[in-house]
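Listed here are the chains, written in short residue letters.
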Amino acid sequence: MSSHAPSSKRQTVPGVRKRKGGKRLTMVTAYGYDHARLVDAAGVDLILVGDSVANVCLGHDSTVPVTMDQMIHHAAAARRGTERALVVGDMPFLSYTVSVPDAIRNAGRFLKEASCDAVKLEGGKEVEETVAAIVRAGIPVMGHLGLTPQTVSMLGGYRVQGRSALQARSIVDAALALEEAGAFALVLECVPLDVAREVTDRLEIPTIGIGAGPHCDGQVLVFHDLLGLGRGGHTPRFVKRYAELGDLAVRALEAFVAEVQGGGFPGPEHTFHMTEGEEEKLPGALSVSTRGAVADGLVTLSPDEDPGPA
Ligand code: KIV
């Protein structure tokens, strides 16, 4: 078999679509090789290289500043850390709304340069044409409705969307439009559970919820939220922290500081020794000037002892 054949273990877009109404889908964000390896090893179905990288890895206070080049850099690293999960690249702010050709080119970069399997973009009817064009170009698209963080200023803040019947109706209509445009799945963020249920029941493609209640076909969480890696700040109500790795990490780092300062690290087990018999020769070797000796060929310097993998 050619070494270029796709891994038979990897989730596929048709496979994700088939999970509609069946075994719940799981998606977790990852922003690099290290995160992705952990998420993949846990058997999560989809990895989203989210534009939330802007907040959780790059320290911005919104997703708006992250660029296409930065997204590609993170997506390529994350994809290298996976064997099984379907990897979705999140199209950043203004990468798909300036023009349709621009959107196709940017979506294509996630596949060509980062080996992603699909892209995600935010918005409803206003991106319907763009979604259709990207799908026609052969690039699977995941939609994203409800709270759309890239346009948070237009929404008046990070708040639940679709609380009124009219707003709920427009979310349902937008979801149907995205399905019609060819989206293979849809993220529903921060919408009331009744709205999520209505959308889920009406669509043939799976819905993946975040703050959208239990009726979606799947659930997504941000890696740092799920693992308790973010320290301080506000934890949204829809987040369940399955661990407190941030606290654990700080305790480990504090222990390192204390041991280095107290002389407990490195111990004998972390330390290298000279080849047997060489230590006694050291004072003599140090008493001759190697400068001239090396130049005259009287002394040869041996390569350093191999320290082994870091
Ligand atoms: O970027 C992201 O993390 C997302 C999820 C919240 C769905 O879009």
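What this report covers is the structure whose coordinates are included nearby.

Reading the values: rules and limits
- Residues numbered from 1 in each chain as written.
- Predicted model: local features only at pLDDT ≥ 70, side-chain atom pairs only at ≥ 80, totals over all residues.
- Helix = DSSP H or I, 4+ residues; strand = E, 2+ residues; numbered from the N terminus.
- Rg over C-alpha atoms; globule rule 2.2 N^0.38 Å.
- Contact = placed C-beta atoms within 7 Å.
- Near = placed C-beta within 6 Å.
- Nonpolar A, V, L, I, M, F, W, Y, C, P; charged D, E, K, R; others polar.
- Core = buried A, V, L, I, M, F, W, Y, C linked by C-beta atoms within 7 Å.
- Buried ≥ 20, exposed ≤ 12 C-beta atoms within 10 Å, placed from the backbone.
- Expected span 1.5 Å × (residues − 1).
- Arc of directions from axis to C-beta.
- Axes fitted to C-alpha atoms, helices over the stretch in contact; angles between N-to-C directions.
- Parallel < 35°, antiparallel > 145°, perpendicular 65-115°, else oblique.
- Left-handed = near helix turned anticlockwise from the far one by under 90°.

## Considering the overall build of the protein chain
When you go through the protein chain residue by residue, the secondary structure sums to 13 helices and 8 strands. Expected size for 310 residues packed as a compact globule is a radius of gyration near 19 Å; at 26 Å, the protein chain overshoots this value by more than 25%. Taken over the C-alpha atoms alone, the protein chain extends approximately 90 × 45 × 35 Å along its principal axes. Considering only contacts within the protein chain whose residues lie at least 6 apart along the sequence, 61% involve residues at least 24 apart.

## Re the site of the ligand
The immediate surroundings of the ligand are formed by Thr 29, Leu 48, Gly 50, Asp 51, Ser 52, Asp 90, Val 187, Glu 189, Ile 210, Val 220 and Val 222. Looking at the shell around the ligand residue by residue, the classes come out as 5 nonpolar, 3 polar and 3 charged.

## Remarks on the nonpolar core
Nonpolar side chains in soluble globular proteins tend to be buried together. Within the largest apolar cluster, 70 residues are counted, with the highest numbers of intra-cluster contacts made by Ile 47, Val 88, Val 119 and Leu 186. The element that contributes the greatest number of residues to this core is helix α8 (residues 165–181), accounting for 6 residues. Apart from the residues within four sequence positions on either side, Ile 47 is in contact with Val 28, Ala 30, Ala 36, Val 39, Asp 40, Ala 78, Thr 82, Ala 85, Val 87 and Val 88.

## A closer look at the environment of Arg 84
Structurally, Arg 84 is set in the loop between α4 (68–80) and β3 (86–90). Measuring from C-alpha to C-alpha, the distance between Arg 84 and Ile 47 comes to 9.7 Å, with 37 residues separating the pair along the chain.

## Focus on α8
With 17 residues, α8 extends 24 Å from end C-alpha to end C-alpha; this agrees with the ideal 24 Å at 1.5 Å per step. Buried within α8 we find Ile 171, Ala 174, Ala 175, Ala 177, Leu 178 and Ala 181. Along the axis of α8, the buried positions cluster into a sector of 165 degrees, meaning they face one direction only. Away from its buried face, by an angle of more than 90 degrees, α8 presents the exposed residues Ala 165, Leu 166 and Glu 180.

## Digging into unusual backbone geometry
Glycine aside, a negative phi is what most residues show, and trans is what most peptide bonds show. Between Phe 265 and the following residue, Pro 266, the backbone shows a cis peptide bond with an omega angle of 0 degrees. Despite not being glycine, Ser 115 shows a phi value in the positive range, around 55 degrees. Secondary-structure assignment places Ser 115 in the loop between α5 (100–112) and β4 (118–120). In this structure, Cys 190 is a non-glycine residue whose phi angle is positive, near 50 degrees. Here Cys 190 lies in the loop between β6 (185–189) and α9 (193–202).

## Let's talk about the environment of Glu 204
Mapped onto the secondary structure, Glu 204 falls in the loop between α9 and β7 (207–210). Separated by 192 residues in sequence, Glu 204 and Thr 12 have C-alpha atoms that sit 17 Å apart. The residues touching Glu 204, leaving out its near neighbours within four places in the chain, are Lys 20 and Glu 179.

## Description of α4
With 13 residues, α4 extends 18 Å between its outermost C-alpha atoms, agreeing within 8% with the 18 Å of an ideal straight helix rising 1.5 Å per residue. Among all positions in α4, only Met 71, Ile 72, His 74, Ala 75, Ala 78 and Arg 79 are buried. The elements touched by buried residues of α4 are α2 (33–41), β2 (46–49), α3 (53–56), β3 and α5.

## Quick look at the packing of α2 against α4
Each pair of packed helices can be summarised by the angle the axes make with each other and by the distance between the axes. α4 packs onto α2 with a crossing angle of 40 degrees between their chain directions and a minimal axis gap of 7 Å. One finds that α2 runs oblique with respect to α4. Crossing of α2 over α4 shows right-handed handedness. Residue-level contacts link Tyr 33, His 35 and Ala 36 of α2 to Ala 77, Ala 78 and Arg 80 of α4. Grouping the amino acids of the contact of α2 with α4 by side-chain chemistry returns 4 nonpolar, 1 polar and 1 charged.

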